[in-house]
Amino acid sequence: MLPVDLPGTVRDALLAPLVDHHCHGVRRDDLSRAEFELLINEGGSPAPPGTTHFDAPLGMAVRRWCAPLLDLEPHAPPAVYVSRREELGAAEVNRRLLAGAGVVAFLVDTAAANASPADMGRVDMGRADTDLLTATEMGRHGGAAADELVRIEQVERDVAEDAPLAVDYLDGVGEELTARAARAVGLKTVIASLYGLDFDPARPTRGAVIAAANRRLSDPKPPLTDEILLRHLLWSAIDVARERGLPVQLHTGFGGSGPDLHRTDPGRLGAFARMLQPIGVPLILLHCYPYHRQAAYLAGVHPHVYVDVGLALPHTAAASARVVDELLELAPFHKLLFSSGCHGVAETCYLGALYYRQALGAALGSRLAAGEWSAADAARIAHMIGSGNARRVYRL
């Protein structure tokens, strides 16, 4: 799995237990092939007639690397793989794959499955949220600790469905964020998937928020897409994060449906990042691909900005080494974190960890071979990215 010529200390660092600082619950029920294929594709639609989502980098990776954990030969045909999955049962499959990832702590976004358009391709929208493992169950299946990340848009939806008046909505958002943050290690927003990152970074006025809230309360069930309320929600979350010493995660770049991809470029967050710098709330840019170089730049120039490329690694599969190598071009090493971006099926957790280790191993190996880094530095940085940075930022 790792380059054979890596020093032992570096190999040990890469294989050490990871802190998966951003993942989602996986399905607890047995899946048909059609259901499984929807969950290994970010578009949320079936493959065109006569084709399959297994014919993509992630699908190939499932057959190559996950098949042996289910007692199959590498490259098992899709039908054989799905049949074996059904034979073992979801609980056993989840146990093998989550434990096989080598994760010591899961930080789990526990939002309802239908909380945003970005998730529509990841679950059957008609199913109950109870079909997803909870944070505690993710930890138990994976033999790891587990903590919760609060999706702020889920908080907003819950408040909007119960608030009779706009003023109740405003008060309720802040109060509910505070209450849920008390038992969480971080907050997360999917404003990129709901609107885009080209939003006005300023905090909206109270008058504008009340007017927008009145519109929202007239039909609170659809996902929130109003820019004013999204900005109000984000700034309310920043206030809570500052009070409790929590980081705020922002989904950026690749992952799920939503606005045009260019509107999710983290480079658009420059003004917002500058506004946050005096406040000191850690801002963690998730996924970022194909804009990981822009994210690396932001992490380099702002002391409170951090970055990962989690979801990109299993989806780029064999090309993930190039993604990590490009991330390491500019980003400070104490600003990089590991996440699997796991969602829907446990295969995404296992492959996220596997390709992270492979990709970072290749990047470290090239720097060692060139004499740029010492083995001691390579091992130290592998430990930092794999778990140390997350423990510091999330105060684990």
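Refer to the structure printed above.
Presented here is a report on the structure given in the accompanying data block.

Thresholds, definitions, all that
Residues numbered from 1 in each chain as written. Predicted model: local features only at pLDDT ≥ 70, side-chain atom pairs only at ≥ 80, totals over all residues. Heavy atoms only, no water. Patch = residues over 30% accessible without salt bridge, like charges linked within 9 Å, V, L, I, M, F, W, Y side chains within 5 Å. Areas by Shrake-Rupley, 256 points an atom, 1.4 Å probe, with all protein chains shown as cover. Salt bridge = Lys/Arg side-chain N within 4 Å of Asp/Glu carboxyl O. Helix = DSSP H or I, 4+ residues; strand = E, 2+ residues; numbered from the N terminus. Contact = heavy atoms within 4.5 Å. Pairing = 2+ DSSP bridges. Axes fitted to C-alpha atoms, helices over the stretch in contact; angles between N-to-C directions. 1 Å grid on protein atoms, 1.4 Å probe; cavity = no way out; pocket = protein on both sides within 12 Å on 5 of 7 lines; lining within 4 Å. Points joined across faces, edges and corners; volume = space filled by probe spheres on them. Nonpolar A, V, L, I, M, F, W, Y, C, P; charged D, E, K, R; others polar.

## Notes on a nonpolar patch on the surface
Here's step 1: Nonpolar side chains collect at one region of the surface, where Y297, V301 and L330 lie side by side and expose about 300 Å² of accessible area between them.
Here's step 2: Structurally, the position occupied by V301 is in helix 13 (residues 292-301).

## Remarks on the environment of A273
Here's step 1: Note that A273 resides in helix 12 (residues 270-276).
Here's step 2: Sequence separation between A273 and V301 is 28 residues, and the spatial gap between their C-alpha atoms is 9.9 Å.
Here's step 3: Aside from chain neighbours lying at most four places away, what touches A273 is L283, H302, H304 and V305.

## Examining the sheet that holds strand 7 (residues 305-307)
Here's step 1: Reading across the sheet, the seven strands line up as 1-2-3-4-5-6-7 and stay open at both edges, with parallel pairing between neighbours. In this open sheet, the two edge strands, each paired with only one partner strand, are strand 1 (18-24) and strand 7. Going from strand to strand, the sheet's axes swing by 30° on average, the running direction of each strand aside.
Here's step 2: Two strands pair when backbone bridges link them, and strand 5 (residues 248-252) and strand 6 (residues 283-287) are joined in this way by five bridges, in the parallel orientation. The partner of Q249 across the bridge, within strand 6, is I284.
Here's step 3: Across the face of the sheet, helix 6 (residues 135-142) comes into contact with strand 1, strand 2 (103-109) and strand 3 (145-151) while running at roughly 160° to strand 2.
Here's step 4: Lying over the sheet, helix 11 (residues 227-244) contacts strand 4 (186-189) and strand 5, oriented at roughly 170° with respect to strand 4.

## Here's the deal with the layout of surface pockets
One way to see where empty space is left: roll a probe the size of a water molecule over the atoms.
Here's step 1: In this structure, the second largest pocket occupies an estimated 160 Å³ of space.
Here's step 2: If you go around the second largest pocket, you meet 14 residues; those closest to its centre are G245, G280, P282, V393 and R395.
Here's step 3: Elements with a contribution of two residues or more to the lining of the second largest pocket: helix 11 and helix 17 (375-393).
Here's step 4: Partitioning the lining of the second largest pocket into residue classes produces eight nonpolar, three polar and three charged.

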